[in-house]
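If you want the building blocks of each chain, they are given just below.
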Amino acid sequence: NSEIEVLRAVAERPGSSISEIARALDLQNSNVSTTVSRLVDRGLLERRADPNDGRSHRIHQTDLARRNNALIDAMWARGIRDLLSTLSPEEAHTLIEAAPLLARLGSMPKNY
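Residues numbered from 1 in each chain as written. Predicted model: local features only at pLDDT ≥ 70, side-chain atom pairs only at ≥ 80, totals over all residues. Heavy atoms only, no water.

## Observations concerning the pairing of strand S2 (residues 53-61)
As defined by bridge partners, strand S1 (residues 45-50) adjoins S2 across six bridges and the pair is classed as antiparallel. Looking at the pairing, Leu 45 lines up with Gln 61 of S2. (Pairing = 2+ DSSP bridges. Helix = DSSP H or I, 4+ residues; strand = E, 2+ residues; numbered from the N terminus.)

As structure tokens, this is what we get:
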């Protein structure tokens, strides 16, 4: 799970530092650093020197990670489209009515 969380955080905030990723995910710096190292070893993330501070690094996705994300997004979209196509008109209306509440639930802080 931590690998997926870190990959998503880097996708949403390219060029983040380990500390910034850790804060965003409410994780310890050491755990994020270990996770980033594993993902770098697997070719999914890369560390780049910070242009403003040569002592620190910024974390970016690799092309492999971007391609994987695109495949995962397409798979999710297909699955949702297939599921939605089976809804009755009444079910579709109920889902549309519930959309604002679902959006609020989805935006709740992780540690709530």
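## Digging into the layout of surface pockets
What the largest pocket holds in volume is close to 640 Å³. Secondary-structure elements contributing two or more residues to the lining of the largest pocket are helix H1 (2-12), helix H2 (18-25) and helix H4 (63-84). Among the elements that line the lining of the largest pocket, the one with the most residues is H1, at eight residues. Its residues placed into classes, the lining of the largest pocket shows 10 nonpolar, three polar and nine charged. (1 Å grid on protein atoms, 1.4 Å probe; cavity = no way out; pocket = protein on both sides within 12 Å on 5 of 7 lines; lining within 4 Å. Points joined across faces, edges and corners; volume = space filled by probe spheres on them. Nonpolar A, V, L, I, M, F, W, Y, C, P; charged D, E, K, R; others polar.)

All we've got here are geometric facts, nothing functional implied.
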